[in-house]
Every structure is written in structure tokens, then in C-alpha cells.
Amino acid sequence: MPAYLTGLVGSGIGPSLSPALHEREADRHGLRLLYRTLDIDVLGAGPESVGEIVRAARTLGFDGLNITHPCKQLVIEHLDELAPEAAALGAVNTVVFRDGRAIGHNTDVTGFAQSFSRGLPGAATGHVVQLGAGGAGAAVAHALLALGADRLTVADRDPARAAALAEALSARFGGGRATAGSMAELPTALGDADGLVHATPTGMAAHPGLPLPAALVHPKLWVAEVVYRPLETELLLLAGELGCRTLDGGGMAVFQAADAFRLFTGREPHAERMLEDLADLVATPSL
């Protein structure tokens, strides 16, 4: 029976459902797959330790790693090769070890695109405002423009990071498609926006709260979330109360995991079954 050793590197990842999603899918394929969480907070290490963790995993015989906040961009300099999508994004969420080489991929783009198309069919995308320009934000922004969003405004607490992402997006998708906006400009940007995408850690179990003032969310917006644990973040609860169409982060979590599973094992994942797994896991209080 083929066996695989994989894991997740990031901060505050104790509640992650990735281990269960990957291991359940492996069981369906008759594979032995062990998926471990390598939480830098538990290890007492900083985000910059991701390079050391990748080197150790390669030495220990791991087949691959998933990478999450805050290491998706920092990990790049420690890899031997980048797949085209990861290179274009400047962010990696999946590392595959092959023939002694560490190759970086990004499955967040396809994960969000599939989730958005499935969960918000027909949603207007004339103007979309996105909060967050980090690793997940870069992937989501690329997905939105690839799906046909006319105009994307990216805001981040680090203005330079938002500006850099907007510049990279404009270079790839055309001038004027993406602009950087400050957090202070959110009231104006959201006033004429069709949708709001949230792509920061705020709302995660380890980072509770709202990522923006509640008064800025209005009923004409659809609201999409990247955070999936909890599945109903404070932002989605607020948007739901206002009557907004909403999209939780569960679909992105599943579809990116399915794509990562394919990279790790070479097997075609059962995405629909993995969506059922997520619903089951979220409904089980002990997990």
C-alpha cells in the first residue's frame, strides 16, 4: 500500500481541518497518508523559520507540505523551483518534494475560483473590494480577475504590500484592472462596490473579530470569506443579518486541499466527497 508523509506549516493552525480532509480522502483511495500540523507558535519559532522547517521535512522524508499564514511568501526563497502559477503570484501554499527538490505550487487560486463559481453563481463583479494583500490575498485577487472581475480594489494594513499586489495584477491582467486603496478609503470604495472579499486572518479562531468597521457592510454587497474555521465568521454573520449573499471559506479550503492532494499523491481527488467531509467535520464539536 502506497504511503505518504505530509503536513501543514503555519501559525495558529491547531483547529485546521486539513489533516482530516487529506487523511479521509487517502482512505478512500486505499492509501496510507499521515498529515501533521507544524505550528510555528507551538514550536516557539517565528515565520522566518519556515525555511528551516522545509529543510527538516525534506531530510525526514516528507512527500509534501501545505503552507499557510504567515509563511506563504517567506517560503519562496527556500525552494528549488516554482510552478508557473506560484511564480506569478509570489506566494506558495503547497510544496512537493520530488527527487531531492522542493517545488512550490499554489492551489489557492483554483480553490477560490471553484468555490466562488459554485457558491456565488451570477454574482456581479463590476467592482470588487478585497481586504488583504498577503499570500491568500494574492491568490484570491488573481482568481477574481481571471474570473472576469472588471475592477478590483485591494486594501491592506500595509499600503506598500497592497500597492505591490495591484502593480503585479495590472502587469498580468491589464492596466486599470487593479488598484490599491488604503483602509481609510474603504468607505468610498465599498460605497459603489458589488462585492467584498476578505482575505486576512481576522476572524480565525486565533484571531477573532471584524476586519473592518461594521457600518461599512451594506445589503447591496455580496461578501466572500477566506477564513473557514470557524465557518461562520463574525463578518459573515453580520453580512447575513443585513441580507447579503455570502460565501464561507469552506469551499476554498476543500478545493485547494483537493488540488494539493493530487500533487502529493498523483491520485484524482473526490472533491464532492471532501465537501461532505468538511460539513461532517465542522458539525462535530470535538474536531
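Above this text you will find the structure in question.
This section reports on the structure supplied with the text. Note that the structure is predicted; figures quoted are calculated from it, not measured.

As for the overall build of the chain
Link 1 in the chain: Of regular secondary structure, the chain possesses 11 helices and 12 strands.
Link 2 in the chain: For a compact globule of 287 residues, the expected C-alpha radius of gyration is about 19 Å, and the chain comes in at 18 Å, within 12% of that figure.
Link 3 in the chain: Projecting the C-alpha coordinates of the chain onto the three principal axes gives extents of approximately 55 × 40 × 35 Å.
Link 4 in the chain: Within the chain, counting contacts between residues at least 6 apart in sequence, those at least 24 apart form 70% of the total.
Link 5 in the chain: If you sum the accessible surface of the chain, you get close to 12000 Å²; carbon and sulfur atoms cover 54% of it.

With respect to the layout of surface pockets
Link 1 in the chain: Taken as a whole, the largest pocket spans an internal volume of roughly 890 Å³.
Link 2 in the chain: Listing elements by their share of the lining of the largest pocket, those giving two or more residues are β3 (64-67), α6 (135-146) and α10 (250-265).
Link 3 in the chain: In terms of residue count, α10 provides more of the lining of the largest pocket than any other element does, three residues in total.
Link 4 in the chain: By residue class, the composition of the lining of the largest pocket is 24 nonpolar, 15 polar and six charged.

Some details on the packing of helix α5 (residues 108-119) against α10
Link 1 in the chain: In the contact formed by α5 and α10, the axes pass within 7 Å of each other and the chain directions differ by 135°. By the angle between their directions, the pair α5 and α10 is classed as oblique. Crossing angle aside, the handedness with which α5 passes α10 is right-handed. For the pair α5 and α10, the contacting residues are Asp-108, Thr-110, Gly-111, Phe-112, Gln-114, Ser-115 and Arg-118 in the first and Gly-251, Met-252, Phe-255, Gln-256 and Asp-259 in the second.
Link 2 in the chain: Broken down by class, the residue content of the contact of α5 with α10 amounts to three nonpolar, six polar and three charged.

A short note on the packing of aromatic side chains
Link 1 in the chain: Tallied over the full model, the rule gives two aromatic pairs.
Link 2 in the chain: The interplanar angle of 65° and the centroid separation of 5.1 Å between the aromatic rings of Phe-116 and Trp-222 together place this pair among those described as edge-to-face. Of this pair, Phe-116 sits in helix α5 while Trp-222 is found in strand β11 (residues 222-225), placing the two residues 106 residues apart along the sequence.
Link 3 in the chain: Aromatic rings pair up to connect Phe-112, Phe-116 and Trp-222 into one cluster.

With respect to the packing of helix α1 (residues 18-28) against helix α11 (residues 271-282)
Link 1 in the chain: Look at α1 against α11: their axes get within 10 Å of each other, and the N-to-C directions meet at 135°. On the basis of their axis angle, the class for α1 and α11 is oblique. The chirality of how α1 crosses α11 is right-handed. Touching Ala-20, Leu-21, Arg-24, Glu-25 and Arg-28 of α1 are Arg-273, Met-274, Asp-277, Leu-278, Asp-280 and Leu-281, all from α11.

What to know about the side chain of His-198
Link 1 in the chain: As for its position among the elements, His-198 is in strand β10 (residues 195-198).
Link 2 in the chain: Among the residues examined, His-198 registers a relative accessible area of 0% and is labelled buried.
Link 3 in the chain: Among the polar contacts made by the side chain of His-198, one reaches the side chain of Glu-225 at a distance of 2.5 Å.
Link 4 in the chain: Beyond its immediate chain neighbours, meaning those up to four positions away, His-198 contacts Leu-131, Pro-211, Ala-224, Glu-225, Val-226, Val-227 and Leu-235.

Focus on the sheet that holds strand β8 (residues 151-155)
Link 1 in the chain: Here we have six strands laid out as an open sheet, ordered β9-β8-β7-β10-β11-β12, and parallel in their pairing. Looking at strand neighbours, the two that pair on one side only are β9 (178-180) and β12 (245-247), the edges of this open sheet. In this sheet, adjacent strand axes meet at a mean angle of 20° when their direction is disregarded.
Link 2 in the chain: Against the sheet, α5 contacts β10, β11 and β12, and its axis sits at roughly 150° relative to β12.
Link 3 in the chain: Those strands touched by α6 are β7 (127-131), β8, β9 and β10, and its axis lies near 170° from that of β7.

Some points on α5
Link 1 in the chain: When the terminal C-alpha atoms of α5 are compared, their 16 Å separation across 12 residues agrees well with the 16 Å that a helix rising 1.5 Å per residue should span.
Link 2 in the chain: Looking at α5, one finds that the buried residues are Asp-108, Val-109, Gly-111, Phe-112, Ala-113, Ser-115 and Phe-116.
Link 3 in the chain: Elements in contact with the buried residues of α5: α4 (84-89), α6, β10, β11, β12 and α10.

Digging into the pairing of strand β1 (residues 3-10)
Link 1 in the chain: Most of β1 sits inside the fold, with six of its eight residues counted as buried.
Link 2 in the chain: Remark: the β1/α1/strand β2 (residues 32-39) crossover connection has right-handed handedness.
Link 3 in the chain: Sheet analysis places β1 next to β3, joined by four bridges and oriented parallel. When the bridges of β3 are listed, Val-9 appears paired with Ile-67.

Thoughts on unusual backbone geometry
Link 1 in the chain: The omega torsion of the bond from His-69 to Pro-70 falls at 5°, within 30 degrees of zero and hence cis.
Link 2 in the chain: Checked against the element boundaries, Pro-70 lands in the loop between β3 and β4 (81-82).
Link 3 in the chain: Residue Asp-99 is not a glycine yet carries a positive backbone phi of 50°.
Link 4 in the chain: Position of Asp-99 relative to the elements: it lies in the loop between β5 (94-98) and β6 (101-105).

The rules behind these values
- Residues numbered from 1 in each chain as written.
- Predicted model: local features only at pLDDT ≥ 70, side-chain atom pairs only at ≥ 80, totals over all residues.
- Heavy atoms only, no water.
- Helix = DSSP H or I, 4+ residues; strand = E, 2+ residues; numbered from the N terminus.
- Rg over C-alpha atoms; globule rule 2.2 N^0.38 Å.
- Contact = heavy atoms within 4.5 Å.
- Areas by Shrake-Rupley, 256 points an atom, 1.4 Å probe, with all protein chains shown as cover.
- 1 Å grid on protein atoms, 1.4 Å probe; cavity = no way out; pocket = protein on both sides within 12 Å on 5 of 7 lines; lining within 4 Å.
- Points joined across faces, edges and corners; volume = space filled by probe spheres on them.
- Nonpolar A, V, L, I, M, F, W, Y, C, P; charged D, E, K, R; others polar.
- Axes fitted to C-alpha atoms, helices over the stretch in contact; angles between N-to-C directions.
- Parallel < 35°, antiparallel > 145°, perpendicular 65-115°, else oblique.
- Left-handed = near helix turned anticlockwise from the far one by under 90°.
- Phe/Tyr/Trp six-rings, centres within 6.5 Å; stacked < 30°, edge-to-face > 60°.
- Buried < 20%, exposed > 50% of the residue type's maximum accessible area, 1.4 Å probe, protein only.
- Polar contact = N/O pair within 3.5 Å; in protein donor to acceptor, adjacent residues only side chain to side chain.
- Pairing = 2+ DSSP bridges.
- Expected span 1.5 Å × (residues − 1).
- Right-handed = clockwise from strand over helix to strand, strands pointing away.

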